[in-house]
Amino acid sequence: TQLLEQSPQFLSIQEGENLTVYCNSSSVFSSLQWYRQEPGEGPVLLVTVVTGGEVKKLKRLTFQFGDARKDSSLHITAAQPGDTGLYLCAAAQHYTGTASKLTFGTGTRLQVTL
Amino acid sequence: DTAVSQTPKYLVTQMGNDKSIKCEQNLGHDTMYWYKQDSKKFLKIMFSYNNKELIINETVPNRFSPKSPDKAHLNLHINSLELGDSAVYFCASSRWQGRGTGELFFGEGSRLTVL
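Quantities reported herein were computed from a predicted structural model and do not represent experimental measurements.

## Here's the deal with the overall build of chain B
Link 1 in the chain: The helix and strand tally for chain B stands at 0 helices and 11 strands.
Link 2 in the chain: By the compact-globule yardstick of 13 Å for 115 residues, chain B fits well, its C-alpha radius of gyration being 13 Å.
Link 3 in the chain: Principal-axis analysis of the C-alpha atoms gives chain B an extent of 40 × 30 × 30 Å.
Link 4 in the chain: Evaluated residue by residue, chain B yields a buried proportion of 45% over its 115 residues.
Link 5 in the chain: Contacts in chain B between residues at least 24 apart in sequence constitute 55% of all its contacts with a sequence separation of at least 6.
Link 6 in the chain: Accessible surface for chain B amounts to roughly 5800 Å². Of this, 47% is attributable to carbon and sulfur atoms.
Link 7 in the chain: Seen as two clouds, the 14 positive and the 12 negative side-chain charges of chain B have centres 3 Å apart.

## Points about the packing of aromatic side chains
For any pair of aromatic rings, geometry is given as the distance between the ring centres together with the angle between the planes.
Link 1 in the chain: Here the structure, examined in full by the defined rule, presents 9 aromatic pairs over all chains.
Link 2 in the chain: Taken together, the ring pairs connect Tyr35(A), Phe104(A), Tyr33(B), Tyr35(B), Phe90(B) and Phe106(B) into an aromatic cluster.

## With respect to the nonpolar core
Link 1 in the chain: Membership of the largest hydrophobic core comes to 22 residues, with the highest contact counts inside it found for Leu19(A), Leu32(A), Trp34(A), Phe63(A), Leu74(A), Ile76(A) and Leu110(A).
Link 2 in the chain: Contributions of two or more residues to this core are made by β3 (19-24), β4 (32-37), β5 (44-49), β7 (61-65), β8 (71-76), β9 (85-96) and β11 (108-113) of chain A.

## Considerations on the interface of chain B and chain A
Link 1 in the chain: Taken residue by residue, the interface counts 25 residues in chain B and 24 residues in chain A.
Link 2 in the chain: The contact between chain B and chain A buries some 2000 Å² in all, and 55% of this surface belongs to carbon and sulfur atoms.
Link 3 in the chain: For the pair chain B and chain A, the interface holds 1 salt bridge.
Link 4 in the chain: We note a salt bridge from Glu58(B) to Lys101(A), for which the minimum N-O separation is 2.4 Å.
Link 5 in the chain: Counting across the chain B and chain A interface gives 5 residue pairs in polar contact (both at pLDDT 80 or more).

Reading guide: rules and limits
- Residues numbered from 1 in each chain as written.
- Chains lettered and ligands numbered in written order.
- Predicted model: local features only at pLDDT ≥ 70, side-chain atom pairs only at ≥ 80, totals over all residues.
- Heavy atoms only, no water.
- Helix = DSSP H or I, 4+ residues; strand = E, 2+ residues; numbered from the N terminus.
- Rg over C-alpha atoms; globule rule 2.2 N^0.38 Å.
- Buried < 20%, exposed > 50% of the residue type's maximum accessible area, 1.4 Å probe, protein only.
- Contact = heavy atoms within 4.5 Å.
- Areas by Shrake-Rupley, 256 points an atom, 1.4 Å probe, with all protein chains shown as cover.
- Lys, Arg positive; Asp, Glu negative; His and termini not counted.
- Charge placed at Lys NZ, Arg CZ, Asp CG, Glu CD.
- Phe/Tyr/Trp six-rings, centres within 6.5 Å; stacked < 30°, edge-to-face > 60°.
- Core = buried A, V, L, I, M, F, W, Y, C linked by side-chain atoms within 4.5 Å.
- Buried area = accessible area lost by both parts, 1.4 Å probe.
- Salt bridge = Lys/Arg side-chain N within 4 Å of Asp/Glu carboxyl O.
- Polar contact = N/O pair within 3.5 Å; in protein donor to acceptor, adjacent residues only side chain to side chain.

See the structure below:
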């Protein structure tokens with residue numbers, strides 16, 4: 001069982017459509033990050049949400065952290081081909097001592113076509 | 001000027017060989033990582049170093065040996081390569097943030113193919 005389950009796994013939509021990606025867990029997190037990875041590149045941070053119920057907007061992308069800090073969603077309005085990529089949520093897990101590790105979700109592959 | 005650079009970008013080799021991947025970051029970060037991304041795009045942490053000290057060592061075969069000669073470099077050496085080692089290996093760096101982790105800055109990845 002993965003710590004962070006994302007849904008859907010794959011999403012193919014047309015330009016102009018709206019979509020929502022979900023990141024769910026049974027664990028509570030102090031913060032949660034969203035990354036986007038384009039083919040042939042490493043993931044790039046989009047946003048970090050910290051407070052339960054927090055909503056952050058990044059142009060056409062809206063991120064929400066669940067009230068209980070166990071889940072998050074990413075909503076894209078009027079998707080464009082440039083939004084195509086792999087979307088990953090990630091959360092810190094205590095490892096040992098003062099060390100934490102960033103654990104990634106199962107990923108959502110988004111394809112936006114003209 | 002690339003922030004996190006890793007070489008080589010592509011590596012094709014035979015089973016049983018030994019290979020290394022190098023990583024350098026010029027962000028002044030004190031923490032560096034190796035992640036493995038499998039064919040299903042799942043990204044899993046392998047190792048983490050903070051100030052040249054190994055702090056995270058996930059369940060990884062001991063054929064994998066990381067080495068950090070200084071804070072800006074973290075190399076990965078793999079002995080006796082197996083077919084299952086084929087994946088994309090990502091180096092990343094961040095500022096040390098204790099119980100939480102800050103933003104990770106990733107390299108472009110090194111695609112390893114074992115034949």
